[in-house]
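Descriptive structure summary
Spelled out from the first residue to the last, the chains are:
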Amino acid sequence: MLIKRGIAVSPGVAIGPVLVLGAESFRIPQRFVSIDAVDAEISRFRSAVEAICQEIGDNERLASERLGAQYAAIFSAHLMLARDEKLVREIELLIREKSFSPEFAVSRVFRQYAKRFQALGDQYFADRAVDLYDLEKRLLKYLLGEKREELSHLTSPVLLLAHNLTPSETAALDKQFIMGFATEVGGETSHTAILAGALELPAVVGIGKFLADVSGGETIIIDGSHGTVIIDPDEDTLGKYRASEERYKSFSKRLESLRQLKSETQDGVPITLCGNIEFPQEAMTAAHRGAEGIGLYRTEFLYLESQREPTEEDHYQAYCEVLQAFPTQPVIIRTLDLGSDKMPGALKAEYPDEVNPALSVRSIRLSLQHLDLFKTQLRAILRAAVHGDLRVMFPLVSTLMEFRQARMILGDVVEDLEEQGIPFRKDVPVGMMVEVPSAAVLADEFAREVDFFSIGTNDLIQYTLGVDRGDPAVASLYRAGDPSILRLLRGVVTAARKHQISVSVCGQMSSDPMFLPLLIGMGIRQFSVTPQTIPELKEVIRNLTIAKAERIANRAETFDIARDVETFLRGELKKICPDSAP
Amino acid sequence: MAETQSYRREVTVKSEHGLHIRPCTVLAQSAMKFQSRIHLNKPGMQVDAKSILDLMTLAAAPGAVLELEVDGPDAAEAIEHLAALFDSGFAPTPAEAKPSAAVSVG
């Protein structure tokens, strides 16, 4: 029995046989193929070569257009290497005569050449081994990528372990057969984690290297409530977890019954609980959970799902789909919130010197530098707004100037649509995310010009404390309960109240029941949360009075370290809901 | 079947850094335009000139003397073309410097 600890990102317990995904760490899942599969495997290898040649060719064209022919030369060399007949022959020979899997053969041959380069006794050629590793990686990524798709053809339940899962891979997981997952990398606020929550799969991320300790088919336990993964558990442990699996199920059933009840405090103050979503398909699920609107529609996946930029129509269709689930309630669309490092294709290459993506061209900055992209999205928002209560929100605003610029562009789009006689709504409310400390500090100034605030605690905490939650080495320094965060929140709420604009909290912090009394006590009446946490949060709200929440907030603000704040809040939550999450 | 011819000629690596990845790319690209089998020999070693990987394992330094060996129907043309490449130090051909000029080559 082996116990591994990571970050708990989606509650629940799952027990079952394990499926280990290779890729990236390039553990090759299968070294040999059966003889009658040889032809199929060879053609799989050939299409992998074709695919990466095309990819390299695209890079070459791009580099040559943007940087000049001399920079493109390295790609033409890569292209020649990938097409090298001798290399291809050697790999195919290993597949045909030794029944090696293409992955194994590719890795073998590339590594042999890399070794030869390194043994030539010349630094230049030794360094070229890197080019070979790069190609090997591209090929394996492609070959294993195909394997990954087999995930969609599962026939029996498994728990999934992987170095990393991309958000789109996570979204594509077949809930019928995947009972939970755990990854080596990732943090609580990674998109993968957020999606795991949306899918209601027990999940643990950020475990660190552990895949080498597991072999496929072994029984494991994923405890998504406590962030542990237990490999090859003994009978006692299994028994204990089976019981807790049952308890969790009955707890979920009880929460189910809360879904139809009103979200209001004991003294009758309504607290609005909206849902955060990433995909339009999630809107309906959010509605079923009792969400009173969408407080945060992250539109990034429109950009990530395909290799091309989404068209105005793609945006429009997605927004309309969300509005169908919420025809009369508010739906807040957040404009593109990606770093240029995450953007597909051409855009990424435009910023080759980007050192620190979190502090570079991302979100509203990216939109303001690429007005065509920005205007496309804004047009779709204004057009879709005729079908419901759609609102627009700009992410990562750090200065007033930025907000004014964005608003001006929106004005331009209004004029364009008017001129073209296209139906749209003119008076769409315009809000902003408060997630850069500068915006929180100047909340009073912003509140004069903005229709609503939404506090994005994930980034606000990251930027205020200077901690990347996804980095296991510093993840423990990321504390939502830090007094500095509480003080910033208080300032934003005060400013919003003074200027009579609405303020909600949409970060992961608001989905944690522990922080809810504090936030309500500070005066926040609207939250946008991971939809499946709504019933649990509702239970806390229904056991709370405003006076009690205010007392909790005032007391929490007297502590000077995060640990004391969080210990206090945890204790208060236990008093409010003695039998909250198991 | 076309008549097979064989040619051998000594060539000197004149490119500034020897047979680096870029000259190897040019050489392999050019060699692949011919049907003939094309090898480069140095004492104790023979590599396929159509394989950039093979060419690189020569690790030929500037000034290195190699033997170009060509067998095949278009060997005469091939050896002239490739020897000229060595002589020019693998300067980028107009075709490479400016893709649009490719059609005018030849």
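For every chain, the first residue of its written sequence is number 1, and the numbers climb from 1 along that sequence. Think of it this way: whatever chain is written first is A, whatever ligand is written first is 1, and the rest follow in order. In keeping with the predicted nature of the model, local features appear solely for residues at pLDDT of at least 70, side-chain atom pairs appear and are counted solely at 80 or more, and the whole-chain, interface and lining totals rest on all residues. To get the side-chain values, all heavy atoms of the structure are used, and hydrogens and water are removed first.

1. Concerning the overall build of chain B
The helix and strand labels rest on DSSP assignments: H or I over at least four residues marks a helix, E over at least two residues marks a strand, and numbering proceeds from the N terminus. Within chain B, the secondary structure is distributed over 4 helices and 4 strands. In sequence order, chain B lays out its α and β elements as β-α-β-β-α-β-α-α. The cut-offs for exposure are 20% and 50% of the maximum accessible area for each residue type, with area from a 1.4 Å probe on protein chains only; residues under the lower value are buried, those over the upper are exposed, and the others partly exposed. Split into buried and exposed, the 106 residues of chain B put 48% on the buried side. Considering only contacts in chain B between residues 6 or more positions apart, those separated by 24 or more positions represent 71%. Here chain B has roughly 5,300 Å² of accessible surface; of this, 54% comes from carbon and sulfur atoms. We call two residues in contact whenever any of their non-hydrogen atoms come within 4.5 Å of each other. In this description, accessible areas are obtained by the Shrake-Rupley approach with a 1.4 Å probe, and a residue is regarded as covered only by the protein chains that are shown.

2. A short note on the overall build of chain A
Counting secondary structure elements, chain A contains 23 helices and 16 strands. Counting every position in chain A, which comprises 582 residues, the buried fraction comes to 56%. Of the contacts formed within chain A by residues at least 6 apart in sequence, a portion of 69% connects residues at least 24 apart. When the accessible surface of chain A is summed, it comes to about 24,900 Å², and 51% of that surface belongs to carbon and sulfur atoms.

3. Digging into the packing of aromatic side chains
Residues and elements named next belong to chain A. Aromatic pairs are defined between Phe, Tyr and Trp rings, using the six-membered ring for Trp, whenever the two ring centres lie within 6.5 Å; interplanar angles under 30 degrees are classed as stacked, those over 60 as edge-to-face, and all others as tilted. By the definition in use, this model includes 7 aromatic pairs over all chains. Ring geometry for tyrosine 297 and tyrosine 319: centres 5.9 Å apart, planes at 85 degrees, overall edge-to-face. Residue tyrosine 297 is located in strand β10 (residues 294–298), and its partner tyrosine 319 is located in helix α11 (residues 312–325); the two are separated by 22 residues in the primary sequence. Residues tyrosine 297 and tyrosine 319 agree in their burial class; the two are buried.

4. Let's talk about the pattern of salt bridges
Residues and elements named next belong to chain A. Whenever Lys or Arg places a side-chain nitrogen within 4 Å of a carboxyl oxygen from Asp or Glu, that contact is recorded as a salt bridge. Per the counting criterion, the structure on display carries 35 salt bridges over all chains. With its nearest N and O atoms 3.4 Å apart, the salt bridge here joins glutamate 572 to arginine 551. Remark: arginine 551 occurs in helix α22 (residues 546–556) and glutamate 572 occurs in helix α23 (residues 562–576); sequence separation between them is 21 residues. The buried category is assigned to glutamate 572, whose relative accessible area is 5%. Residue arginine 551 is classed as partly exposed on the basis of its relative accessible area of 41%. Ionic pairing is found between arginine 563 and aspartate 564, a salt bridge with its closest N-O pair at 3.6 Å.

5. Quick word on the pairing of strand β11 (residues 330–334) of chain A
Sheet faces and side chains relate simply in a regular strand, where the side chains alternate between the two faces. All names here are of chain A. Within β11, 4 of the 5 residues are buried, which leaves the element mostly enclosed by the surrounding structure. In this sheet, β11 lies alongside β10 in parallel orientation, the contact comprising 3 bridges. Counted as the bridge partner of isoleucine 294 is valine 331 from β11. When DSSP locates at least two bridges between a pair of strands, those strands are taken to pair. Relative to strand β12 (residues 389–394), β11 runs parallel, the two being bridged by 5 bridges. When the bridges of β12 are listed, isoleucine 333 appears paired with valine 392.

6. Notes on the interface of chain B and chain A
Interfaces are frequently sized by the accessible area removed from exposure as the parts join. Counting residues at the interface gives 17 residues for chain B, matched by 19 residues for chain A. Interface area, chain B with chain A, both sides summed: about 1,800 Å², of which 73% is carbon and sulfur. In this assembly, chain B and chain A are joined by 1 salt bridge. One salt bridge in this structure joins Asp54(B) and Lys86(A), with 2.6 Å as the shortest N-O distance. Throughout, buried area stands for the accessible area (probe radius 1.4 Å) lost by two parts on being put together, summed over both.

7. What to know about α23(A)
Residues and elements named next belong to chain A. In this model, α23 (15 residues) spans 21 Å end to end at C-alpha, consistent with the 21 Å of a helix rising 1.5 Å per residue. By the burial criterion, the buried members of α23 are Ala562, Val565, Glu566, Phe568, Leu569, Glu572, Leu573 and Ile576. Projected down its long axis, α23 carries its buried residues within an arc of 160 degrees, all on one side. Seen from the buried face of α23, the exposed residues on the opposite side, beyond 90 degrees, are Arg563 and Lys575. In this fold, the buried residues of α23 make contact with α19 (483–498), α20 (516–521), α21 (534–542) and α22. In a helix, the anticipated span is given by 1.5 Å times the number of residues less one. The directions considered for the arc run from the helix axis to the C-beta atoms.

8. Topic: the nonpolar core
What we call a nonpolar core is a set of buried Ala, Val, Leu, Ile, Met, Phe, Trp, Tyr and Cys residues that are connected through their side-chain atoms within 4.5 Å. Phe394(A), Phe453(A) and Phe527(A) are the most contacted members of the largest nonpolar core, which has 106 residues in total. When residues no more than four places from it in sequence are discounted, the contact partners of Phe394(A) are Thr335(A), Ile364(A), Phe374(A), Leu378(A), Phe403(A), Ala406(A), Arg407(A), Val430(A), Gly431(A), Met432(A) and Met433(A). Of all hydrophobic cores here, the second largest spans 67 residues; its members include Ala105(A), Leu132(A), Ala31(B) and Ala83(B).

9. Here's the deal with the side chain of Glu435(A)
Residue and element names in this part refer to chain A. The residue glutamate 435 is located in the loop between β13 (430–434) and α16 (437–441) in this model. The side chain of glutamate 435 sits in the buried core without any salt bridge; arginine 334 is the nearest counter-charge, 5.1 Å away. Under this definition, polar contacts are N or O atom pairs within 3.5 Å; protein pairs additionally need one hydrogen-donor-capable and one acceptor-capable atom, and for neighbouring residues in sequence, both atoms have to be side-chain atoms. Here leucine 396 takes part through its backbone nitrogen, which lies 2.6 Å from a polar atom of the side chain of glutamate 435. Excluding its chain neighbours within four sequence positions, the residues that come into contact with glutamate 435 are Pro395, Leu396, Gly456, Asp459, Leu460 and Tyr463. Charge counting treats Lys and Arg as positive and Asp and Glu as negative, with His and both chain ends excluded.

10. Quick notes on a positive patch on the surface
A contiguous patch of positive charge on the surface is contributed by Arg31(A), Lys98(A), Arg108(A) and Lys115(A). Look at Arg108(A) and you get partly exposed, because its relative accessible area is 35%. Any residue with relative accessible area above 30% and no salt bridge may belong to a patch, with like charges joined within 9 Å and the nonpolar Val, Leu, Ile, Met, Phe, Trp and Tyr side chains within 5 Å. To locate a charge, take NZ of a lysine, CZ of an arginine, CG of an aspartate or CD of a glutamate.

11. A short note on the packing of α22(A) against α23(A)
Residues and elements named next belong to chain A. Only the contacting stretch of a helix is used when fitting its axis, a line to C-alpha atoms as for every element, and angles between N-to-C directions run 0 to 180 degrees. Close contact between α22 and α23 brings their axes to 10 Å; oriented N to C, the two are set at 160 degrees. Judged on the interaxial angle alone, α23 and α22 are roughly antiparallel. Two packed elements cross with a definite hand, and for α22 against α23 that hand is right-handed. Across the interface between the two elements, Lys548, Arg551, Ile552, Arg555 and Ala556 of α22 pack against Val565, Phe568, Leu569, Glu572 and Ile576 of α23. Orientation categories follow fixed angle ranges, with anything under 35 degrees roughly parallel, anything over 145 roughly antiparallel, 65 to 115 roughly perpendicular, and all other angles oblique. Each helix crossing is assigned a hand: it is left-handed if the near helix lies turned anticlockwise from the far helix by less than a right angle, otherwise right-handed if that turn is clockwise.

12. Overview of the sheet that holds strand β3 (residues 13–20) of chain A
Hydrogen bonds between backbone groups are what pair the strands of a sheet, and the pairing can be parallel or antiparallel. Residues and elements named next belong to chain A. What the 8 strands build is an open sheet, ordered β1-β8-β7-β3-β4-β5-β6-β2; its pairing is mixed. Edge positions in the open sheet fall to β1 (2–5) and β2 (7–10), since each of these has one partner strand only. The average undirected angle you get between the axes of adjacent strands in this sheet is 30 degrees.

13. Let's talk about the sheet that holds β10(A)
Residues and elements named next belong to chain A. The strand order β9-β10-β11-β12-β13-β14-β15-β16 describes a closed barrel built from 8 strands, whose pairing is parallel. Between one strand axis and the next, the sheet turns by 25 degrees as a mean value, whatever way the strands run. Looking at chain direction, β12 and β13 are connected through 3 bridges and run parallel. Across the sheet, methionine 393 pairs through a bridge with glycine 431, a residue of β13.

14. As for the side chain of Glu402(A)
All names here are of chain A. Topologically, glutamate 402 is positioned in helix α15 (residues 400–420). A relative accessible area of 11% places glutamate 402 in the buried class. If sequence neighbours within four positions are ignored, glutamate 402 has contacts with Ile364, Arg365, Leu368, Leu396 and Val397.

15. With respect to the environment of Ile178(A)
Mapped onto the fold, Ile178(A) is located in strand β5 (residues 178–183). In the structure, Ile178(A) is positioned 159 residues away from Leu19(A) in sequence and 9.4 Å away in space, judged by C-alpha atoms.

16. Looking at α11(A)
The end-to-end C-alpha distance of α11(A), which contains 14 residues, comes to 21 Å, matching closely the 20 Å that a straight helix rising 1.5 Å per residue would cover. For α11(A), every residue scored as buried is listed here: Glu312(A), His315(A), Tyr316(A), Ala318(A), Tyr319(A), Cys320(A), Val322(A), Leu323(A) and Ala325(A).

Honestly, that's just the spatial picture; any functional story needs more than this.
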